[in-house]
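# Working through the structure, step by step
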Amino acid sequence: MLDRFATPLLRPPLRAVARVLVRAGVGANTVTLTGFGVGMFAAILIATGAYFAGAIALLGSRLLDGLDGAVARETQPTDAGGFLDISLDFVFYASIPLAFAVANPAGHALPAAALLAAFIGTGSSFLAFAALAAKRGMDNLAYPDKSFYFLGGLTEATETLAFFVAMCLWPAHFAPLAYTFAALCAVTTATRIWWGWRAFS
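Residues numbered from 1 in each chain as written. Predicted model: local features only at pLDDT ≥ 70, side-chain atom pairs only at ≥ 80, totals over all residues. Heavy atoms only, no water.

### Some thoughts on the packing of aromatic side chains
On inspection of all chains with the given rule, the structure shows 10 aromatic pairs. With 6.3 Å between their ring centres and 65° between their planes, F119 and F164 make a pair best called edge-to-face. Remark: F164 occurs in helix α6 (residues 157-169) and F119 occurs in helix α5 (residues 105-136); sequence separation between them is 45 residues. Here the two residues F119 and F164 agree in accessibility, since each one is buried. Judged by centre distance (6.2 Å) and plane angle (85°), the rings of F119 and F181 are edge-to-face. Separated by 62 residues along the polypeptide, F119 in helix α5 and F181 in helix α7 (residues 174-200) bring together distant segments of the chain. Here F119 matches F181 in class, with each residue buried. Members of the aromatic cluster, each reached through a chain of ring pairs, are F92, Y93, F119, F163, F164 and F181. Over the ring of Y93 we find R62, and its NZ or CZ is 5.5 Å from the ring centre. (Phe/Tyr/Trp six-rings, centres within 6.5 Å; stacked < 30°, edge-to-face > 60°. Helix = DSSP H or I, 4+ residues; strand = E, 2+ residues; numbered from the N terminus. Buried < 20%, exposed > 50% of the residue type's maximum accessible area, 1.4 Å probe, protein only. Lys NZ or Arg CZ within 6 Å of the ring centre and 35° of its normal.)

Next up, the structure:
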C-alpha cells in the first residue's frame, strides 16, 4: 500500500547511486546477489539474538534490493535479472520469520509459522496474477519499471520492512507483531484473489 508513495521518494537518490555504480562497472545482478547476501546475514544475526544489528543489515539489504533495479534501468534490464531478483526476495522474506523462530523457539515458533503461512498466500497470489497477466500481455501502469505486472495490496515491501524492523527493535513483542502482520497479509491475499478473479473473468 505504501510502496506507491515510497518508490517516487527513493527513485532519485537510487538513480544517482546507480549511475556511479554503472560507471564503476558494477552490474545489476551483482547488486542483487550482494543484497541477498546481506539479507541472509541479517537473518543469521537475528537467529543469534543480535536483533539491532540484524535490523541494520536488513535495511541495508532492502536498500540494495531497490538499487539493483535502478542499475538495471541505467543499463539494460533483462528477464534473467528480474527472475533472480524476485526469487531471492521471496527467500529473504521467508528467512526473517524463520530466524526469529530459531532465536526463541518456545516463544516465536508458532507466530513465525503463522506469518510464513500468510506469506504463502501473498506470494502465490502475487505470482499467479503476474503469470496470467504476462500471458494476456497486460501492462502495469502503476509500476511501469517492474519486470512484470502484479497486484498491489495492503502489505507490500514497505509494510513488510516496517514490521521486520519493529520486530528487531522490540523482539519481546514479536508474537503480536507477527500475528498482526499475518492478519494484514490475509487481507492482501483475499483482495488479490478477488481482483484477479475479476480481471480474468
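Now that the structure has been shown, we can carry on.
### Topic: the environment of T160
Along the chain, T160 falls in helix α6. Owing to a relative accessible area of 8%, T160 belongs among the buried residues under this scheme. Along the backbone, T160 and C185 are 25 residues apart, and their C-alpha atoms lie at a distance of 9.5 Å. When near neighbours in sequence (up to four residues on either side) are disregarded, T160 contacts Y93, F119 and F181. (Contact = heavy atoms within 4.5 Å.)

### Some points on the environment of E156
Looking at where E156 falls in the secondary structure, it is placed in the loop between α5 and α6. Between the C-alpha atom of E156 and that of C185, which follows or precedes it by 29 residues, the distance is 8.9 Å.

### A look at the packing of helix α2 (residues 28-47) against helix α4 (residues 79-103)
The geometry of α2 relative to α4 is characterised by a closest axis approach of 8 Å and an angle of 5° between their N-to-C directions. By the angle between their directions, the pair α2 and α4 is classed as roughly parallel. On α4, the residues that touch N29, T32, L33, F36, G39, M40, A43, I46 and A47 of α2 are G81, L84, D85, L88, V91, F92, S95, I96, A99, F100, V102 and A103. Here the residues of the contact of α2 with α4 sort into 15 nonpolar, 5 polar and 1 charged. (Axes fitted to C-alpha atoms, helices over the stretch in contact; angles between N-to-C directions. Parallel < 35°, antiparallel > 145°, perpendicular 65-115°, else oblique. Nonpolar A, V, L, I, M, F, W, Y, C, P; charged D, E, K, R; others polar.)

### Observations concerning the pattern of salt bridges
Taken as a whole and judged by the stated rule, the model has 3 salt bridges. Taking the shortest distance from any N to any O, the salt bridge between E74 and R19 comes out at 3.5 Å. With E74 in helix α3 (residues 51-74) and R19 in helix α1 (residues 3-23), this pair connects stretches of sequence that are 55 residues apart. D65 is paired through a salt bridge with R62; the nearest N and O atoms lie 3.4 Å apart. Of the two residues, D65 and R62 both sit in helix α3, 3 residues apart, roughly one turn of that helix. For the pair D65 and R62, a shared accessibility class is recorded, and that class is buried. Look at the salt bridges and you will find they share partners, linking R62, D65 and D89 into a network. (Salt bridge = Lys/Arg side-chain N within 4 Å of Asp/Glu carboxyl O.)

### Topic: the nonpolar core
Ranked by internal contacts, the top residues of the largest apolar core, which has 30 residues, are I46, L58, I96, F100, F164 and M167. Those elements that provide at least two residues to this core are α2, α3, α4, α5, α6 and α7. Leaving out residues up to four positions away in the same chain, I46 has contacts with Y51, G54, L58, I96, A99, F100, A103 and C168. With 8 residues, the next largest nonpolar core counts V31, A70, V71 and A72 among its residues. (Core = buried A, V, L, I, M, F, W, Y, C linked by side-chain atoms within 4.5 Å.)

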